[in-house]
Amino acid sequence: RLIKLNKADKEIHLALGLLYYKTSKLKECFTEYQKALELMSKEEREDFTFNSVKSLLLPAYDYIMKEMSDYELKEFIDLYWKVSDPLYITDYNERLLEHYSRVAYANLNFSVPSMNIVGWKSNQGEVILRYGEPLNRMRIRPSLGDRVNMKTEVWDYNGFTLGFTDMAQSGNFIFAAPAGEKDKTAPQFAGDTQTFMNDLRRGYFTFYEPKYEGQKFKIVYDFLQFKSSELRNHTDLYINYGLNPIDSLVKNGTFNVEHDAAFFFFNNNSEEQIKKKEHIKSLGSRNIVSTITHPILYTNTLHVPAITDSGYYSLEILRNVDKGVSSNRGRIGIKKFSNIHLDISDIVLASRVETGKQTKYSINRNKINILPNPTKQFMKGAPTYVYFEIYNLRKNSSGLTDFEQEIEVKEYNEENKSGLEKTISDIGKFFGFGKGEEISFSSNYQSAEVNPQIYYQLDLSKAKTGKYLITITVKDKVDGSQVSSQTVIDWTN
C-alpha cells in the first residue's frame with residue numbers, strides 16, 4: 001500500500017525488499033533493491049553499494065586494498081561478490097542480496113539521526129553487516145549501584161558473545177569495554193567487546209549462511225574425461241549426477257524430477273571458462289540406477305567440451321517442484337590428452353553399456369551408450385560394467401595394433417589415499433565378446449583400431465563387501481609405451 005502511495009520513496013522499496021528477503025522471495029527482493037538503488041542519489045548509492053562493502057572487507061584485506069585506487073577497489077569488490085555468489089544459476093547474487101538486506105536492516109534499526117549516524121556505520125550495524133542478526137538478543141535496563149549501570153545489549157552468535165552499551169543515553173550503542181576505576185558509569189557486560197572485535201575483524205571478518213527460495217538438498221555426482229573426437233586439443237568432460245526421489249521429489253503421490261542443471265568452471269583467476277545450463281523435464285526408467293543407499297536414483301549427464309585448465313567448478317541443481325537447491329563447489333583439473341603418445345581415458349563404472357544406440361541423459365561415445373553410476377556403488381546381482389578408451393596405439397608392420405591390458409583390483413583404504421591399497425587375491429577374469437560394435441579383448445589384443453573403445457562386465461561376486469581400487473594398465477607392445485587409469489568401486493556382496 002505504501003508503494004502505491006509513493007513509488008518514488010527509496011526507503012519503502014528497501015523495506016519491502018527486506019520483507020521479501022525474510023520471506024524467501026528472492027526474485028522480488030532483487031527487484032525492489034534495484035528500484036531503491038535507482039532512486040538513490042549518487043552519494044547514497046555509493047555509500048550503500050561501495051562504502052559498506054569496503055568497510056566489510058577491511059581489515060581482512062587491508063594489505064591489498066590500501067594500495068588500490070577507487071576504480072581498482074570497485075573491481076576487487078565485484079570479484080568478491082562473484083566469488084561469494086552461492087548460486088550462479090539464478091539471475092541474482094544471493095550473497096549480495098544478503099548484504100543489501102543487512103545494510104537495510106542496520107539502517108532501519110540502528111540509525112541515530114540526532115547524531116548523523118547511519119545505521120550500518122554504528123557498532124551494532126557493523127556487526128550486523130559482518131555476521132547477520134544474532135541468534136539471541138537481550139537488553140538490560142539501566143540501574144543504580146556503586147556506579148550507574150548503563151543500558152546494555154548482549155548479542156549471542158555461534159561461538160561468541162558481544163556486548164553493547166548506550167553510554168551517552170543517546171540511542172547509539174557502542175562496543176562494551178570495562179569501566180575504569182574512577183568511572184561513574186559502567187556497562188552491564190563483563191567482557192571487552194571493543195578489544196575482541198579488533199581481533200575478530202581480522203580473523204573472522206564475516207559469516208554468511210546461504211539463503212535460497214527452496215530447501216537445500218544433496219546430490220551424488222562424478223566427473224569423467226575423454227579425449228574429444230570432434231575438437232582437436234579438447235577434452236570431453238561429462239558431469240554425471242543423481243537425484244534421489246525420497247528427497248522431496250514426490251508431489252501429490254507422483255515423481256517430479258523437472259529441474260534446471262548448470263555447470264560452471266572458473267580458472268584460478270576466477271574467470272569464467274565454461275557455462276553449461278540445461279532444463280530437464282523428465283527422466284525415464286532407463287536413467288535409473290539402483291544401489292544399497294539409493295534404491296532409486298534418477299541420473300543425468302551433462303557434456304561439456306573443454307580445454308586443459310585447472311580451477312574451480314560449481315555444479316548446481318534448481319528443482320522445479322519446490323525450488324529446492326543443490327550447490328556443489330570444488331576444484332577440478334581438466335586433462336590434456338595427447339594427440340601423439342599413448343593415452344587412456346578415465347574409467348567409467350556403469351550400470352548399462354549398449355551398442356548402436358544413442359540415449360538422452362547418458363554418455364554417448366561413437367555408437368556406444370553408457371549409463372554411468374555416479375555413486376560408484378554396485379551390488380551382487382546387478383550388472384557392473386567397465387568402460388574406457390585408449391588413444392594413439394601404434395601399428396606394427398602388418399598394419400595392426402598390438403597391446404596388452406592388465407587389470408588390478410586392490411583393497412582400498414580411505415584413511416591413507418596415497419598408499420591406500422594392499423594387494424588381495426585376483427578377483428576374477430574379464431571377458432568381452434565379438435568384434436566390431438562389441439569390442440572384445442584379452443590379455444593380448446590386436447586390432448586395426450588405434451583408438452579402441454573397451455568395455456566389459458565386471459565380476460566381483462567373489463569379493464567381500466568393501467571399496468576396491470581398480471587399476472587398468474595398457475602397454476603398447478609395438479613401441480613399449482605404457483599408461484594407466486584408476487577408479488574406486490564401492491562393492492556390496
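1. Let's talk about the overall build of the chain
In terms of helices and strands, the chain carries nine helices and 29 strands. Against the globule reference of 23 Å for 493 residues, the chain gives a C-alpha radius of gyration of 30 Å, more extended than a compact globule. Its C-alpha atoms give the chain principal-axis dimensions of roughly 100 × 55 × 50 Å. Sequence-distant contacts in the chain: of pairs separated by 6 or more residues, those separated by 24 or more amount to 64%.

2. Quick notes on unusual backbone geometry
When glycine is set aside, most residues are seen to have a negative phi, and most peptide bonds are trans. The omega torsion of the bond from L58 to P59 falls at 0 degrees, within 30 degrees of zero and hence cis. By secondary structure assignment, the location of P59 is in the loop between α4 (42–57) and α5 (62–65). Phi is positive for Q169, close to 50 degrees, though the residue is something other than glycine. Within the element layout of this structure, Q169 appears in the loop between β5 (160–165) and β6 (174–175). In this structure, N392 is a non-glycine residue whose phi angle is positive, near 65 degrees. Note on N392: relative accessible area 13%, which makes it buried.

3. What to know about the pattern of salt bridges
Throughout the structure, instances matching the rule amount to 25 salt bridges. The shortest N-O distance in the salt bridge between E46 and K74 comes to 3.5 Å. You can see E46 sitting in helix α4 and its partner K74 sitting in helix α6 (residues 70–84), a full 28 residues away along the chain. Given a relative accessible area of 27%, E46 falls into the partly exposed group.

4. Points about the nonpolar core
With 46 residues, the main nonpolar core has Y33, L57, V127 and Y157 as its most contacted residues. Broken down by element, this core gets its largest block of residues, eight residues, from helix α7 (residues 94–110).

5. Considering the side chain of T401
Here T401 shows up in strand β24 (residues 401–412). Given a relative accessible area of 0%, T401 falls into the buried group. Looking at T401, its side chain comes within polar contact range of the main-chain oxygen of E449, at 3.4 Å. Among all residues touching T401, those that are not within four sequence positions of it are L393, R394, K395, Y445, Q446, S447, E449 and V450.

6. Regarding the environment of G333
With respect to the helices and strands, G333 occurs in strand β17 (residues 325–334). Its relative accessible area of 42% is what places G333 among the partly exposed residues.

7. Focus on the sheet that holds strand β4 (residues 152–157)
With respect to topology, four strands assemble into an open sheet ordered β1-β4-β5-β6, the strand pairing being antiparallel. Both outer strands of the open sheet, β1 (136–140) and β6, are each paired with one neighbouring strand and no more. Contacting β5 and β6, helix α9 (residues 193–203) runs over the sheet at an angle of about 130 degrees to β5.

8. Considering the confidence of the model for the chain
Averaged over all residues, the pLDDT of the chain is 90; the fraction at 70 or higher stands at 92%. Note that residues 418–442 has pLDDT below 50 and, in this model, 48 contacts with residues that lie over four places away or in other chains.

9. A word on the packing of aromatic side chains
Each aromatic ring pair is specified by the distance between its two centres and by the angle formed by the two planes. Inspection of the entire model under this criterion finds 28 aromatic pairs. An angle of 15 degrees between the planes, with centres 5.5 Å apart, marks the rings of Y131 and Y204 as stacked. On the criterion of sequence distance, the pair formed by Y131 in helix α8 (residues 123–131) and Y204 in the loop between α9 and β8 (220–227) is long-range, its members being 73 residues apart. Classification of Y131 as buried rests on a relative accessible area of 4%. With a centroid separation of 6.2 Å and 75 degrees between ring planes, the pair formed by Y221 and Y313 is classed as edge-to-face.

10. Thoughts on the pairing of strand β16 (residues 309–319)
As paired strands, strand β12 (residues 259–267) and β16 are joined by nine bridges and run antiparallel to one another. Paired with H259 across the strands is R319, a residue of β16. Across ten bridges, the pairing between β16 and β17 is antiparallel. Residue pairing across strands places I317 opposite S326, the latter belonging to β17. In textbook terms, the turn of a hairpin is the stretch between consecutive antiparallel strands, and for β16 and β17 this stretch comprises five residues, one of which, K323, has a positive phi near 60 degrees.

11. Remarks on the pairing of strand β13 (residues 272–280)
Here β12 pairs with β13 via eight bridges, running antiparallel. If you follow F264 over to β13, its bridge partner there is K275. Turn length for the β12-β13 hairpin, with the two strands adjacent in sequence and antiparallel, is four residues, and the turn residue S270 shows positive phi of about 65 degrees.

12. Quick notes on the packing of α4 against α6
Axis separation between α4 and α6 bottoms out at 11 Å; the angle between their running directions is 80 degrees. Overall, the two elements α4 and α6 adopt an arrangement that is roughly perpendicular. Between α4 and α6, the contacting residues are E46, F50, V53, K54, L56 and L57 on the first element and D70, L73, K74, F76, I77, Y80 and W81 on the second. Of the residues assigned to the contact of α4 with α6, the class counts are nine nonpolar, no polar and four charged.

The rules behind these values
Residues numbered from 1 in each chain as written. Predicted model: local features only at pLDDT ≥ 70, side-chain atom pairs only at ≥ 80, totals over all residues. Heavy atoms only, no water. Helix = DSSP H or I, 4+ residues; strand = E, 2+ residues; numbered from the N terminus. Rg over C-alpha atoms; globule rule 2.2 N^0.38 Å. Contact = heavy atoms within 4.5 Å. Buried < 20%, exposed > 50% of the residue type's maximum accessible area, 1.4 Å probe, protein only. Salt bridge = Lys/Arg side-chain N within 4 Å of Asp/Glu carboxyl O. Core = buried A, V, L, I, M, F, W, Y, C linked by side-chain atoms within 4.5 Å. Polar contact = N/O pair within 3.5 Å; in protein donor to acceptor, adjacent residues only side chain to side chain. Pairing = 2+ DSSP bridges. Axes fitted to C-alpha atoms, helices over the stretch in contact; angles between N-to-C directions. pLDDT = per-residue confidence, 0-100. Phe/Tyr/Trp six-rings, centres within 6.5 Å; stacked < 30°, edge-to-face > 60°. Parallel < 35°, antiparallel > 145°, perpendicular 65-115°, else oblique. Nonpolar A, V, L, I, M, F, W, Y, C, P; charged D, E, K, R; others polar.

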